Amino acid sequence: MLPMRKLKIIIMQLKRICRRDFLFALIFVCGTSAVTAEITEARQAELLNLLRQDCGSCHGMTLKGGLGPALTPDALATKSGEMLVQTIIGGRPGTPMPPWAPFLSQEEAWWLVNILKEGTGVVAQP
Ligand code: HEC
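Since the model is a prediction, treat every value here as computed from it, not as a measurement.

Definitions and cut-offs
- Residues numbered from 1 in each chain as written.
- Predicted model: local features only at pLDDT ≥ 70, side-chain atom pairs only at ≥ 80, totals over all residues.
- Helix = DSSP H or I, 4+ residues; strand = E, 2+ residues; numbered from the N terminus.
- Buried ≥ 20, exposed ≤ 12 C-beta atoms within 10 Å, placed from the backbone.
- Contact = placed C-beta atoms within 7 Å.
- pLDDT = per-residue confidence, 0-100.
- Near = placed C-beta within 6 Å.
- Nonpolar A, V, L, I, M, F, W, Y, C, P; charged D, E, K, R; others polar.

## Points about the overall build of the protein
If you tally the helices and strands in the protein, you get five helices and zero strands. Moving toward the C terminus, one meets the helices and strands of the protein in the order α-α-α-α-α. Burial statistics for the protein: of 126 residues in total, 12% are counted as buried. Within the protein, counting contacts between residues at least 6 apart in sequence, those at least 24 apart form 50% of the total.

Next comes the structure, spelled out in structure tokens:
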């Protein structure tokens, strides 16, 4: 009887590990696809346009800084995504940085922050 019980315990533990990994995989897949699926290609083009025109008017055409600080990958490397998203959505009261909540969803702000951190938001100037 004893080895049988041991075997059952081992099987139960294996099942638990599998279930946990499966859940992690599920959360991961849903989490990433939810973010990208919501932003259509057309909307991405709009966001890039917004970044160049509106954000660029303060942060510089190439986002290297102007009235607002540089938003280059180097400048943002040590700053947390959460903080940057919060700044974009809520603005910085008492500074010229306005809140973009009326125009951008949380997901879109995250998309912009990723673009900024990767440095793919600005077409290289010749
Ligand atoms: C009217 C000018 C203005 C516009 C337009 C503007 N910003 Fe800003 N932004 C600022 C200023 C000024 C700061 C710095 C605030 C401070 O002193 O903390 C700032 C800060 C930021 C920060 C935080 C940077 C850091 O290093 O902490 C981010 C991210 C940012 N802006 C993104 C954007 C994005 C994205 C847009 C366009 C959707 C945008 N900004 C449009 C003026 C502007």
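## Description of the confidence of the model for the protein
Taken residue by residue, the protein gives an average pLDDT of 85. The fraction at 70 or more is 82%. Per-residue pLDDT, averaged within each element of the protein, yields its smallest value for helix α1 (residues 2-38) (66) and its largest for helix α4 (residues 81-90) (98).

## A few points about the site of the ligand
Looking at the ligand, there are 21 residues lining it, with C55, C58, G68, T95 and M97 nearest. Broken down by element, the shell around the ligand gets its largest block of residues, six residues, from helix α2 (residues 41-59). For the shell around the ligand, the residue count by class is 13 nonpolar, five polar and three charged.

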